[in-house]
Every structure is written in C-alpha cells, then in structure tokens.
Amino acid sequence: MMRDDYVQPIVSPVVWPAERPKAYDVMVVGAGFAGAVMAERLAAGSGKRVLVVDRRPHVAGNAFDHLDATDILIHRYGPHIFHTNSREIVDYLSRFTAWRPYAHRVLASVDGMQVPIPINRTTLNALYGLDLASDVDAAAYLASRAEPVDTVRTSADVVVSAVGRELYEKFFRGYTRKQWGVDPSELDKSVASRVPTRTNTDDRYFTDSFQAMPAEGYTRMFERMLDYPNIDLLLGVDYAEAREAYSHDSLVFTGPIDEYFDYRFGRLPYRSLRFQHETVDRDKFQDVAVVNYPSEDIPYTRITEYKHLTGQVSTKTSISYEYPSVEGDPCYPIPRPENQALFKRYEALALAEPNVVFVGRLATYRYYNMDQVVGQALATYRRLSAPKSGNVRPATVIERKQVVYSE
Ligand code: FAD
Ligand code: UDP
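Only a predicted model underlies this, so the values are computations on that prediction, with no experimental measurement involved. (Residues numbered from 1 in each chain as written. Chains lettered and ligands numbered in written order. Predicted model: local features only at pLDDT ≥ 70, side-chain atom pairs only at ≥ 80, totals over all residues.)

Student: Please clarify how the overall build of the protein should be interpreted in this entry.
Tutor: Scanning the protein from terminus to terminus reveals 13 helices and 18 strands. Its C-alpha atoms give the protein a radius of gyration of 22 Å, within 12% of the compact-globule value 22 Å for 407 residues. Projecting the C-alpha coordinates of the protein onto the three principal axes gives extents of approximately 70 × 55 × 35 Å. Buried positions account for 43% of the 407 residues belonging to the protein. Long-range contacts, defined as pairs at least 24 residues apart, comprise 76% of the intrachain contacts of the protein with a sequence gap of at least 6. (Helix = DSSP H or I, 4+ residues; strand = E, 2+ residues; numbered from the N terminus. Rg over C-alpha atoms; globule rule 2.2 N^0.38 Å. Buried ≥ 20, exposed ≤ 12 C-beta atoms within 10 Å, placed from the backbone. Contact = placed C-beta atoms within 7 Å.)

Student: Looking at this structure, I do not really get the site of ligand 1. What am I missing?
Tutor: What surrounds ligand 1 is a group of 33 residues, the closest being Gly30, Gly32, Gly61, Gly255 and Gly360. Mapped by element, the contributors of at least two residues to the shell around ligand 1 are helix 1 (33-46), strand 2 (50-54) and helix 13 (370-385). (Near = placed C-beta within 6 Å.)

Student: Explanation requested: the nonpolar core in the structure shown.
Tutor: Buried together is how nonpolar side chains tend to be arranged in soluble globular proteins. Met38, Ala39, Val50, Val52 and Leu226 are the most contacted members of the largest nonpolar core, which totals 93 residues. Here this core gets eight residues from one element, more than from any other, and that element is helix 1. Of the domains in this structure, domain 1 (23-102 + 212-268 + 332-404) and domain 2 (106-192) are the two that each give at least three residues to this core. Discounting residues that sit within four places of it in the chain, Met38 has contacts with Val28, Val252, Val359, Ala377, Thr380 and Tyr381. (Core = buried A, V, L, I, M, F, W, Y, C linked by C-beta atoms within 7 Å. Domains from an automatic or database assignment.)

Student: Is there a simple way to think about the domain arrangement of the protein in this case?
Tutor: A common measure of how large an interface is: the accessible area buried when the components associate. Structurally, the protein comprises domain 1 (23-102 + 212-268 + 332-404) and domain 2 (106-192). With centres defined by C-alpha atoms, the gap from domain 1 to domain 2 works out at 35 Å. Listed as interface residues are four residues of domain 1 and, on the opposing side, six residues of domain 2. A per-class count over the side of domain 1 that touches domain 2 returns three nonpolar, no polar and one charged. (Nonpolar A, V, L, I, M, F, W, Y, C, P; charged D, E, K, R; others polar.)

Student: Any chance you could explain the pairing of strand 8 (residues 113-117) here in plain terms?
Tutor: Remark: a regular strand shows side chains that alternate across the two faces of the sheet. In the sheet, strand 7 (residues 106-110) pairs with strand 8 via five bridges, with the strands oriented antiparallel. Counterpart to Ala108 in the pairing with strand 8 is Val115. From the end of strand 7 to the start of strand 8, which pair antiparallel, there are two residues, and Asp111 there has a positive phi angle of about 50°. (Pairing = 2+ DSSP bridges.)

Student: Would you mind going over the site of ligand 2 with me for this structure?
Tutor: Taken together, 13 residues surround ligand 2, and among them Phe172, Tyr175, Thr176, Arg194 and Asn292 come closest. Mapped onto the shell around ligand 2, the elements with two or more residues apiece are helix 6 (165-180) and helix 7 (189-192). Ranked by residue count, the leading element in the shell around ligand 2 is helix 6, at five residues. Across the shell around ligand 2, the residue classes tally to nine nonpolar, three polar and one charged.

Student: I keep staring at the environment of Phe261 and nothing clicks. Help me out?
Tutor: Relative to the elements of secondary structure, Phe261 occurs in the loop between helix 10 (257-260) and strand 12 (270-280). What makes Phe261 partly exposed here is the crowd of 14 C-beta atoms within 10 Å. In this structure the C-alpha to C-alpha distance between Phe261 and Thr154, which are 107 residues apart in sequence, comes to 30 Å. In this structure, Phe261 is in contact with Tyr346 and Leu349, ignoring residues within four places of it in sequence.

Student: Mind showing me how you'd approach helix 8 (residues 218-226) here?
Tutor: Because an α-helix completes one turn every 3.6 residues, residues spaced three or four positions apart along the sequence face the same direction. Among the nine residues in helix 8, seven count as buried, and that is most of the element. Those residues of helix 8 lying buried are Tyr218, Thr219, Met221, Phe222, Glu223, Met225 and Leu226. If you follow the buried residues of helix 8, they end up packed against helix 1, strand 2, strand 3 (65-67), helix 2 (87-93), strand 9 (210-214) and strand 10 (231-235).

Student: Would you mind going over the sheet that holds strand 9 with me for this structure?
Tutor: What the three strands build is an open sheet, ordered 5-9-6; its pairing is antiparallel. Of all strands in the sheet, those with a lone pairing partner are strand 5 (82-84) and strand 6 (99-101), marking the two edges. Across the sheet, the mean angle from the axis of one strand to that of its neighbour is 40°, orientation sign disregarded. Taken together, the three bridges between strand 6 and strand 9 define a ladder with antiparallel strand orientation. The residue bridging Pro101 from the neighbouring strand is Ala212, located in strand 9. (Axes fitted to C-alpha atoms, helices over the stretch in contact; angles between N-to-C directions.)

Next comes the structure, spelled out in structure tokens:
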C-alpha cells in the first residue's frame with residue numbers, strides 16, 4: 001500500500017509579497033467554487049482587479065483533485081460528483097471544462113451484502129429475499145413497514161415514516177451518528193431528506209438532468225477559471241495576513257462566517273472529516289465508486305474508489321476511507337435549529353458590514369452542493385453588478401454595497 005504524497009503544481013507560482021501590486025479592487029478569500037466564480041465574474045465580467053487568497057496551498061477548495069504517487073487522479077477531500085438541474089450553471093462551467101458523463105451509483109454494506117442506496121426495489125428484494133415485481137408492490141411493502149409520524153421534523157422522522165424502523169436502523173441510524181456525531185432524531189429533516197426512497201429499480205444516487213465529471217478534473221477547471229489577467233492568486237496565505245498587506249476596496253469572503261467575526265457569539269459547529277488515502281496493487285477494489293458502511297462497528301462511513309469517477313485506466317487503484325471528526329477543516333455546517341439561530345446573529349453582522357459580501361457553504365452556513373454554490377455566487381454577482389434604478393453610476397460599481405445572499 002502506498003500513501004498519497006504528491007500534489008500537482010498549481011497554475012500560478014505564488015510570489016509573496018514582492019512582485020504583486022499592493023492595491024486591488026476586490027480581495028476574494030477562498031479559491032473554492034464560491035471564490036473562483038466570484039473572482040472570475042468580477043474580473044472578466046466587470047473588469048475588476050482581483051486578488052484571490054486561500055490558506056490552502058491549492059485552488060478548488062474542497063473539490064481539489066490531483067494525481068497521487070501512482071498518477072491516479074484522486075479527490076483530496078472526498079468524492080465530488082457534479083450534478084445539477086440548472087442549464088445556466090452547466091453553461092457557465094462549460095466555459096472552463098469539457099465533461100465526462102457519469103451517473104453516480106452507491107452501494108451500502110448491510111447484513112453482509114452490498115445493496116443499492118438509496119433504498120430501491122432491488123435493495124428490498126436482495127435484503128429480504130423478496131420478489132417485488134412492480135413499483136406498486138414495493139410501495140405496498142414499504143407502507144406496511146413505515147411508521148407514520150404526525151409532523152416530520154427530524155432526520156429520523158423522515159426515514160422511519162418512509163421505510164420503518166428496521167431499514168432506518170440498517171441504513172441510516174449508524175451512518176448518521178458517525179457522520180454527524182448526533183442521533184438522527186436530533187438532526188434537521190433536511191439532512192436525511194437528501195436521500196430519497198425509491199420503489200423502482202433506479203440505482204443512481206442522483207436523478208438530476210445533468211450528471212458529469214470535469215473531463216480533466218476539478219483543479220484544471222479552477223485553473224482555467226482563475227487564469228485571467230486581472231486575477232492574481234495567493235495560495236498558502238491566510239486572510240488575516242493578506243488583508244494587511246494588500247489594500248482592497250471591497251471583499252468577498254467565502255470562509256467560515258464565525259471566523260470572520262472572531263467568533264464573537266461563539267463558534268458555529270461544523271463537522272469535519274479525515275481521509276485515509278491508499279493505493280492498492282490491483283486494478284479494481286469495489287464495484288462502484290462509493291460503498292457506504294452504516295454499521296457503527298466500522299469507524300469510517302464510506303470507501304471511495306476514484307477510477308470509477310474518472311474512467312482512468314491503471315493496473316493499480318486508489319481509494320479513500322472517510323472518518324468523520326470534530327477536529328479539522330470545517331466540512332459540513334450542522335443543520336440544527338440552534339445552529340441556524342446562531343448563524344442568523346452572524347448574518348445580521350454580515351449585513352451591516354460595509355463593502356463585504358459573504359458567499360459559499362461556510363460563509364452562509366448552508367449545506368450546499370457544488371452547483372448550489374455556483375448558483376449562489378452567480379446570483380450574488382448579478383446583484384452586485386445590476387444597475388440600481390435611477391443610479392447613473394456604471395453598473396459594475398460595487399463599492400459601499402452591503403449584500404448577503406439570502407434565498
Ligand atoms: P470551499 O470549497 O470550502 O472553499 C472555501 C475556501 O476558503 C477553502 O479552500 C479554504 O481554505 C478557504 N478559506 C477559508 N477561510 C480562509 C481564510 N481565513 N483565509 C484564506 N482562505 C480561507 N457537492 C456536490 O455537488 N457533489 C458532491 O459529490 C459533493 N461531495 C462532497 C463531499 C465532501 C466530503 C464534502 C465535504 C463536500 C461535498 N460537496 C459535494 C459539497 C462541496 O464540497 C461544496 O458545495 C463546495 O466545495 C463549496 O464551495 P465553497 O467555495 O463554498 O467552499
Ligand atoms: N445517510 C445515511 N446513510 C447512507 C447515506 C446517507 O444515513 O447510506 C444520511 C447521512 O446522515 C448523510 C445524509 O443522509 O449525512 C446525506 O447523505 P449524502 O449522501 O447527501 O451526504 P454527503 O454526500 O453530503 O456527505
């Protein structure tokens with residue numbers, strides 16, 4: 001087994017600080033989807049001089065992918081599958097990448113078998129030795145097991161009311177407790193609602209109209225987005241350091257909103273992950289890109305085999321084990337009412353912050369997929385660059401605006 005120890009070079013050499021201008025129109029904190037879209041739009045769409053700063057030594061944020069020591073393209077921060085129903089978002093990203101069509105499929109390791117998740121008719125037939133032949137049969141079977149809940153409020157309610165307690169315990173309870181560190185009964189219904197229940201045999205994880213992977217990987221796509229004359233890139237540098245060194249008229253912040261305000265009201269809880277990347281000396285490790293392990297006896301939640309996502313051919317294969325953790329980079333905002341209430345207090349500060357916009361999963365404390373973050377950033381840019389009625393200034397002026405995206 002080999003450990004990943006090789007990182008592809010990033011697009012622009014990082015020169016700190018001598019060879020840069022000292023003044024920018026906009027500083028963008030974060031080179032993930034939120035930051036890269038905002039930077040590209042402000043530079044290419046509005047002619048702004050933009051400095052993008054990220055404390056990580058690479059672009060692409062959590063979507064960062066790179067070749068490992070065996071030249072297999074892996075995702076440093078876990079499997080990222082692009083899926084959306086928005087033509088606008090696909091068209092925008094398609095300026096920077098071609099696509100490899102890919103339909104994501106996931107199996108769950110349950111009762112010594114690997115069966116489709118989301119639960120579908122095949123799952124039920126395999127697990128219980130049934131012969132449910134139609135959607136109607138499967139729906140009737142699930143209805144006989146479901147435990148109706150008056151008000152569906154929590155993630156436990158969502159699943160128990162759809163498939164009953166036994167299937168909930170097999171597929172959801174352990175996985176969720178590992179993933180979030182809390183019981184599904186204490187987690188907002190929006191979390192488990194991400195995973196549907198099916199009565200047909202569709203075993204795709206997502207049903208969006210567009211499902212694909214960037215043909216040369218996410219990092220290459222980000223490199224193209226940021227490769228623009230008006231955009232400078234500063235990697236491996238924290239905002240706290242950069243903000244003193246480079247003057248800027250306005251700021252786009254895509255990091256954690258509580259960090260921006262020095263945790264004034266206390267920390268917003270985030271869930272983190274630790275990834276154990278390995279390469280194994282055989283050409284295939286598992287049947288699909290991701291196998292979930294819901295049992296609490298197993299410390300990781302899932303194993304990803306990257307070649308399924310990329311279509312790469314190699315005599316070896318690279319995989320990663322995903323261990324949820326409290327410590328580490330913030331990965332997931334935790335959807336619970338009290339966390340949302342705390343976020344709202346920070347949001348009020350954000351709305352009053354002059355010349356700063358907050359965009360992205362961490363800055364708006366939302367459990368967003370990549371396409372949603374792209375959509376949020378495009379909408380934010382549109383709002384910033386829209387002419388105000390009766391305003392005779394150029395449409396692109398963004399000084400003195402106080403904008404926070406809200407749905
Ligand atoms: P990020 O990608 O987190 O970027 C924020 C950047 O800001 C980071 O690079 C960070 O280093 C930088 N930063 C923060 N604070 C500072 C600071 N003070 N100074 C300098 N830099 C700073 N979405 C999908 O659509 N499909 C998937 O399959 C999918 N899988 C996922 C799997 C995992 C394990 C995780 C965690 C997320 C997944 N997502 C997926 C969600 C996806 O990662 C996010 O929607 C998206 O990456 C968010 O982009 P962002 O720019 O908001 O945040
Ligand atoms: N989930 C589960 N078992 C599974 C898959 C998902 O319990 O096999 C729950 C779990 O709480 C997870 C949530 O559903 O966090 C959302 O799943 P999704 O695959 O969307 O999570 P992500 O890809 O965002 O980590």
